[in-house]
Amino acid sequence: DAKTTQPPSMDCAEGRAANLPCNHSTISGNEYVYWYRQIHSQGPQYIIHGLKNNETNEMASLIITEDRKSSTLILPHATLRDTAVYYCIARPGAQKLVFGQGTRLTINP
Amino acid sequence: NAGVMQNPRHLVRRRGQEARLRCSPMKGHSHVYWYRQLPEEGLKFMVYLQKENIIDESGMPKERFSAEFPKEGPSILRIQQVVRGDSAAYFCASSPPGLAGGDEQFFGPGTRLTVL
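Given the structure is predicted, the values throughout are model-derived calculations rather than measurements.

Caption draft 1: Region of the structure containing the environment of Leu62 of chain A. All names here are of chain A. Along the polypeptide, Leu62 turns up in strand S6 (residues 61-64). A relative accessible area of 0% means that Leu62 is categorised as buried. Spatially, the C-alpha atom of Leu62 lies 9.1 Å from that of Leu75, the residues being 13 residues apart in sequence. In this structure, Leu62 is in contact with Val33, Trp35, Ile48, His49, Gly50, Asn54, Glu55, Ser71 and Thr72, ignoring residues within four places of it in sequence.

Next comes the structure, spelled out in structure tokens:
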């Protein structure tokens, strides 16, 4: 799996967009970019994934640069319940997830 | 469609006892993964199973740990002769039958094992 680099922590005001960056400069052509989050001590929650194109679902948007060396997860209107550790993972399909340290996102009222 | 189920949610064992953790994947999912999260640490992959097969056990400790996913019934993670260092949250995830890529894993709520 390609190594990913994320800032250890970020803050965002409630109601604003939260933009979480991830660098994956050694990503291979067949590796997808996945985002998961873990709220407190719950099980990780899948957010979104993509290969080349930008993706959007009901939770978030994923912007992948054209060279695929970095990506940004966007939570458009952050709420207090979005406070969590966010993990960016690059991997091929049906294989294990390799979690790094992630970004601890704190949403402030 | 019920999510991934794990039981028990909390398990207390004394040193030397055995711990059995169960995971029922989502309906229609045939891939199961086990992860461990030690206190104040990140999630670490342990093992990846398909029905009746271990696909990747590169994250499993060499001794005392075993996993199975039988044709019928839940996946079992078994820890023999537990030690205090085994105290952790154990998460199970499942995914549907393999696509070429882009399959997300759905996680259960975890089993919190405490070894006294």
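Caption draft 2: Looking closely at the state of the cysteines. On inspection of all chains with the given rule, the structure shows 2 disulfides over all chains. In this model, Cys22 of chain A is linked to Cys88 of chain A through a disulfide, with the two sulfur atoms separated by 2.1 Å. What sets the handedness of the Cys22 of chain A and Cys88 of chain A disulfide is the S-S torsion sign, and at about -80° it is left-handed. Residue Cys22 of chain A is found in strand S2 (residues 18-23), and its partner Cys88 of chain A is found in strand S8 (residues 84-91); the two are separated by 66 residues along the sequence. Comparing Cys22 of chain A with Cys88 of chain A, the two get one shared label, buried. One disulfide in the model links Cys23 of chain B with Cys92 of chain B; its S-S distance is 1.7 Å. Looking along the S-S bond of the Cys23 of chain B-Cys92 of chain B disulfide, the torsion reads about -50°, which is the left-handed sense. Here Cys23 of chain B, found in strand S3 (residues 19-24), pairs with Cys92 of chain B, found in strand S9 (residues 88-95); they are 69 residues apart in sequence, far enough to count as distant. Of the residues examined, Cys23 of chain B reaches a relative accessible area of 0% and is grouped as buried. Under the relative-accessibility criterion, Cys92 of chain B is labelled buried at 0%. Left unpaired, Cys12 of chain A is separated from the closest cysteine sulfur, that of Cys22 of chain A, by 18 Å.

Caption draft 3: Structural context of the nonpolar core. Residues and elements named next belong to chain B. Core analysis: the largest hydrophobic core is formed by 23 residues, its most contacted members being Trp34, Met46, Leu77 and Tyr90. Secondary structure elements with two or more residues in this core: S3, strand S4 (31-37), strand S5 (43-50), strand S7 (65-68), strand S8 (75-79), S9 and strand S11 (111-115). With sequence-adjacent residues up to four places away left out, Met46 is seen in contact with Trp34, Tyr35, Arg36, Asp56, Glu57, Ser58, Gly59, Met60, Pro61, Phe65, Leu77 and Tyr90.

Caption draft 4: Quick peek at the packing of aromatic side chains. Applying the stated criterion across every chain, the model contains 11 aromatic pairs over all chains. An angle of 70° between the planes, with centres 6.2 Å apart, marks the rings of Phe99 of chain A and Phe107 of chain B as edge-to-face. Linking Phe99 of chain A in the loop between S8 and strand S9 (103-108) with Phe107 of chain B in strand S10 (residues 106-107), this pair reaches from one chain into another. Across the pair, exposure class does not vary: Phe99 of chain A and Phe107 of chain B are buried alike. Seen in terms of ring centroids, Tyr33 of chain B and Tyr48 of chain B are 4.5 Å apart; in terms of plane orientation they differ by 5°. Their pairing is stacked. Taken together, the residues Tyr33 of chain B in strand S4 and Tyr48 of chain B in strand S5 connect sequence positions 15 residues apart. For the pair Tyr33 of chain B and Tyr48 of chain B, one class covers both residues: buried. The structure contains a cluster of three or more aromatic residues connected by ring pairs, namely Tyr32, Tyr34, Tyr36, Tyr46, Tyr87 and Phe99 of chain A together with Tyr35, Phe45 and Phe107 of chain B.

The rules behind the values
Residues numbered from 1 in each chain as written. Chains lettered and ligands numbered in written order. Predicted model: local features only at pLDDT ≥ 70, side-chain atom pairs only at ≥ 80, totals over all residues. Heavy atoms only, no water. Helix = DSSP H or I, 4+ residues; strand = E, 2+ residues; numbered from the N terminus. Buried < 20%, exposed > 50% of the residue type's maximum accessible area, 1.4 Å probe, protein only. Contact = heavy atoms within 4.5 Å. Disulfide = S-S within 2.5 Å. Core = buried A, V, L, I, M, F, W, Y, C linked by side-chain atoms within 4.5 Å. Phe/Tyr/Trp six-rings, centres within 6.5 Å; stacked < 30°, edge-to-face > 60°.

Honestly, it's all geometry; don't read function into it.
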